[in-house]
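# Per-entry structural report
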Amino acid sequence: MGNRLSKIYTRTGDDGSTGLGDGVRIAKYDIRMHAIGDVDETNCAIGLLITELPVDDDLQPWLTRIQHRLFDLGGELCLPDYELIKIEHVTELEQWLDQLNEDLPMLKDFILPGGSRAAAVCHQARVISRRAERVIAQLAAADSPSQIPGVRPALASYINRLSDFLFVAARVIARRNGGSEVLWQHGQ
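Each chain has its residues counted from 1, running along the sequence as written. For a predicted model such as this one, the threshold for reporting local features is a pLDDT of at least 70, and the threshold for listing and counting side-chain atom pairs is 80 or more; totals across whole chains, interfaces and linings nevertheless cover every residue. As a rule here, side-chain values cover all heavy atoms of the structure and leave hydrogens and water aside.

## Side note on the confidence of the model for the chain
Threshold: A score from 0 to 100, pLDDT tells how confident the predictor is in each residue. Secondary structure elements follow DSSP: runs of H or I no shorter than four residues count as helices, runs of E no shorter than two count as strands, and numbering proceeds from the N terminus.
Within the chain, residue pLDDT values average 87, and 89% of them lie at 70 or more. Of all helices and strands in the chain, the one with the weakest mean pLDDT is strand E1 (residues 17–19) (69), whereas helix H3 (residues 87–101) scores best (97).

## Focus on the nonpolar core
For the record, the criterion: Definition of nonpolar core: a set of buried residues of the types Ala, Val, Leu, Ile, Met, Phe, Trp, Tyr and Cys, connected through side-chain atoms within 4.5 Å. When a residue's accessible area, from a 1.4 Å probe over protein chains only, is under 20% of the maximum for its type it is buried; when over 50% it is exposed; and in between it is partly exposed. Should any heavy atoms of two residues lie within 4.5 Å, those residues are counted as being in contact.
In this structure, Leu63, Ile66, Leu73, Leu77 and Phe165 are the most contacted members of the largest nonpolar core, which totals 49 residues. Elements represented by at least two residues in this core include exactly helix H1 (31–52), helix H2 (59–78), H3, helix H4 (117–142) and helix H5 (153–174). Of the residues forming this core, the biggest block, 12 residues, is contributed by H5. Not counting the four nearest positions on each side in its chain, Phe165 is found in contact with Leu59, Trp62, Leu63, Ile66, Leu93, Trp96, Leu97 and Leu100.

## As for the packing of H2 against H3
Axis angle and axis distance: for two packed helices, these are the angle between their axes and the distance between the axes, and together they describe the pair. For the record, the criterion: Simply put, an axis is a line fit to the C-alpha atoms, just over the touching stretch for a helix, and the angle between two N-to-C directions goes from 0 to 180 degrees. Here the angle decides the label: under 35 degrees means roughly parallel, over 145 means roughly antiparallel, 65 to 115 means roughly perpendicular, and every other value means oblique. Helix crossings fall into two classes, left-handed where the near helix is turned counterclockwise from the far one by less than a right angle and right-handed where it is turned clockwise. Residue classes follow a fixed rule: Ala, Val, Leu, Ile, Met, Phe, Trp, Tyr, Cys and Pro count as nonpolar, while Asp, Glu, Lys and Arg count as charged, and any other residue, Gly among them, counts as polar.
Orientation of H2 relative to H3, taken along the N-to-C sense of each, is 155°, at an axis distance of 12 Å. Taken together, the axes of H2 and H3 are roughly antiparallel relative to one another. Helix-helix and strand crossings are classified by hand; for H2 and H3 the assignment is left-handed. Here Leu59, Trp62, Arg65, Ile66 and Arg69 of H2 come into contact with H3, specifically with His89, Glu92, Leu93, Trp96, Gln99 and Leu100. Its residues placed into classes, the contact of H2 with H3 shows six nonpolar, two polar and three charged.

## Considerations on the packing of aromatic side chains
Selection rule: Each pair of aromatic rings taken from Phe, Tyr and Trp, with Trp reduced to its six-membered ring, is defined by centres within 6.5 Å and is described as stacked if the planes are under 30 degrees apart, edge-to-face if over 60, and tilted in the remaining cases.
Taken as a whole and judged by the stated rule, the model has four aromatic pairs. For the ring pair Trp62 and Trp96, a centre distance of 5.1 Å and an interplane angle of 10° mean the geometry is stacked. Of the two residues, Trp62 sits in helix H2 while Trp96 sits in helix H3, which places them 34 residues apart along the sequence. Note on Trp62: relative accessible area 16%, which makes it buried. On the numbers, 6.2 Å between centres and 65° between planes, the contact of Trp62 with Phe165 is edge-to-face. Remark: Phe165 occurs in helix H5 and Trp62 occurs in helix H2; sequence separation between them is 103 residues. Accessibility classification places Trp62 together with Phe165 in one group, the buried group. An aromatic cluster is present here, built from Trp62, Trp96 and Phe165 joined pairwise through their rings.

## Concerning the side chain of Arg69
Here Arg69 is to be found in helix H2. Here Arg69 is in contact with Ile85, His89, Glu92 and Tyr158, once residues within four sequence places are set aside.

## Observations regarding H1
In an α-helix, one turn spans 3.6 residues; hence positions three or four apart end up facing the same way. Quick reminder of the rule: Multiplying one less than the number of residues by 1.5 Å gives the expected span of a helix. Pairs of N or O atoms are called polar contacts if they sit within 3.5 Å, as long as, within protein, a hydrogen donor faces a hydrogen acceptor (for residues adjacent in sequence, only side-chain-to-side-chain pairs).
The end-to-end C-alpha separation of H1 is 32 Å, in line with the 32 Å expected for 22 residues at 1.5 Å each. Where H1 begins, the capping side chain belongs to Asp30, and its oxygen is found 2.8 Å from the backbone nitrogen of Arg32.

## Regarding the environment of Ile173
On the secondary structure map, Ile173 appears in helix H5. Considered as a pair, Ile173 and Ala120 are 53 residues apart in the sequence and their alpha carbons are 9.2 Å apart. Excluding anything up to four places from it in sequence, Ile173 contacts Leu49, Leu53, Leu59, Ser116, Ala118, Ala119 and Cys122.

Shown next as structure tokens:
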């Protein structure tokens, strides 16, 4: 990171614009800024999830690594043509996902978000990441009004796989310590 913030407020955004990492200014309502914000919100939700888990929880190192990757992902959105998220990062998430899913029973019903506070927070992180995924897909399909280059496939795959990972992690968390998942009962 070449530039450090010595002063948090600059007043340059008072006109409704914001600066990307390369200095280009775009509207704060640009779809790219929505994507960056949703990725940031996903990271915050994962931070909250981390505080809900025991310090020595097996998920802690993975979730912390994911937080760093989300910062990279936001950086890549902020610096078009800059590659930080690689297909290896997607593969890593898939390996973690497979490892978590290995001991879970096959799903036969939909699951309601809940089971425990930590599982509910994990589900919340999942739905926020799904929103980020939708906005990133929109950015990739249409590009932003600012005509800045689009989204690389590895970035889109990472955010997609992350929501899958968080779904399976929520299932694991809900089943801990004799807990259970809350199954949807049709018609209730």
